[in-house]
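# Remarks on the overall topology
Listed below, chain by chain, are the residues.
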Amino acid sequence: MTRKQKRLAIIAGAIGFLGAATGLTLYALGEQTSYFYMPGDLVEKPVAAGQRIRLGGLVEKGSIERSDDTHVRFAVTDGSDTVTVRYNGILPDLFREEQGVVTEGVFDESQTFVADTVLAKHDENYMPREVADSLKEKGVWQEN
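In this numbering scheme, every chain counts its residues from 1 along its sequence in written order. Whole-chain, interface and lining totals are the exception, using all residues; otherwise, since this is a predicted model, local features are given only for residues with pLDDT of at least 70 and side-chain atom pairs are given and counted only at 80 or more. To obtain the side-chain values, all non-hydrogen atoms of the structure were included, while hydrogens and water were left out.

An unreviewed UniProt entry lists the protein under the name Cytochrome c-type biogenesis protein CcmE, with Nitratireductor rhodophyticola given as the organism. UniProt positions are given in the numbering used here, feature names are shortened, and annotations may be inferred rather than shown by experiment. As stated in UniProt under Sequence similarities (unreviewed entry), the record for the protein gives "Belongs to the CcmE/CycJ family." Word for word, the UniProt comment on the protein under Function (unreviewed entry) is "Heme chaperone required for the biogenesis of c-type cytochromes. Transiently binds heme delivered by CcmC and transfers the heme to apo-cytochromes in a process facilitated by CcmF and CcmH."

What follows is the structure, given as structure tokens:
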């Protein structure tokens, strides 16, 4: 083998390795390439109980129910669909009705979203672009 052929073989091997690594990564991600789910997305394509996701939208007006200590139940909406969320912990200072929120957690068997993290946002400047765009598209989020 000449020097040029060796170099080409190494380059071809590296490209093959990178292609295989990219393919395996995309396969592992599967349908999780969408970083946030809106309530409407979950109606169209439900996720399995126990699968960890991020849920984004607005806190529905009149849906916040506080119980003993740090237990709270509220609804996240995108204007057309709603998902009930259960959370045990201290809520962020900016958390309130009709404000943007991103929650992380899993669905239980009763299709209630059990969040272990709640992130509150006060306007679209700090809301993930996907969530803000989806809310604007549905006419729920109004720009100033």
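This paragraph deals with the overall build of the protein. Tallying secondary structure elements over the protein gives 3 helices and 6 strands in all. Helix and strand assignments follow DSSP, with helices taken as H or I runs no shorter than four residues and strands as E runs no shorter than two, numbered in order from the N terminus. Along the protein, helices (α) and strands (β) appear in the sequence α-α-β-β-β-β-β-β-α when read from the amino end. The buried label applies to any residue whose accessible area, calculated with a 1.4 Å probe on protein chains only, is under 20% of its type's maximum; exposed applies above 50%, and partly exposed to all values in between. Within the protein, buried positions represent 34% of all 144 residues. Residue contacts are counted whenever heavy atoms from the two residues lie within 4.5 Å of one another. Restricting the contact set of the protein to residue pairs at least 6 apart, pairs at least 24 apart contribute 50%. Only the protein chains shown count as cover for residues, with accessible areas throughout obtained via the Shrake-Rupley method and a probe of 1.4 Å. Working note: accessible area of the protein is about 9,300 Å², and carbon and sulfur atoms make up 52% of it.

Even without glycine at this site, Glu 98 takes up a positive phi of about 60 degrees. As for its placement among the helices and strands, Glu 98 is situated in the loop between β4 (82-88) and β5 (100-107). You will see that Gln 111, though not glycine, has its phi angle at about 65 degrees, which is positive. Mapping Gln 111 onto the fold places it in the loop between β5 and β6 (113-121).

All right, on to the pairing of strand β1 (residues 53-59) then. Counting buried positions along β1 gives 6 out of 7 residues, so the element sits mostly inside the fold. If DSSP finds at least two bridges between two strands, the strands pair. The pairing of β1 with strand β3 (residues 71-77) spans 2 bridges and is classified as antiparallel. Bridging across to β3, Val 59 finds its partner in Val 76.

Relative to the assigned elements, Asp 108 resides in the loop between β5 and β6. On the accessibility criterion, Asp 108 (14% relative accessible area) is buried. Here a polar contact means two N or O atoms within 3.5 Å. Within protein one must be a hydrogen donor candidate and the other an acceptor candidate, and residues neighboring in sequence count only if both atoms are side-chain atoms. Polar side-chain contacts of Asp 108 include one of 3.2 Å to the side chain of Arg 86. Residues in contact with Asp 108, not counting those within four places in the same chain, are Ala 49, Arg 86 and Val 114.

What follows concerns the packing of aromatic side chains. Each Phe, Tyr or Trp ring, with Trp reduced to its six-membered ring, pairs with another whose centre is within 6.5 Å; inter-plane angles below 30 degrees give stacked pairs, above 60 give edge-to-face pairs, and intermediate values give tilted ones. If you walk through the whole model with that rule in mind, you get 2 aromatic pairs. Between Phe 74 and Phe 95 the ring centres are 4.9 Å apart and the planes differ by 70 degrees, which places this aromatic pair in the edge-to-face class. Highlighted residues: Phe 74 in strand β3 and Phe 95 in the loop between β4 and β5, separated in sequence by 21 residues. You can call Phe 74 buried: its relative accessible area is 1%. Between Phe 107 and Phe 113, the aromatic rings sit 5.2 Å apart at their centres with planes inclined by 70 degrees, giving edge-to-face as the arrangement. The class of Phe 107 is buried, set by a relative accessible area of 6%. A relative accessible area of 0% places Phe 113 in the buried class.

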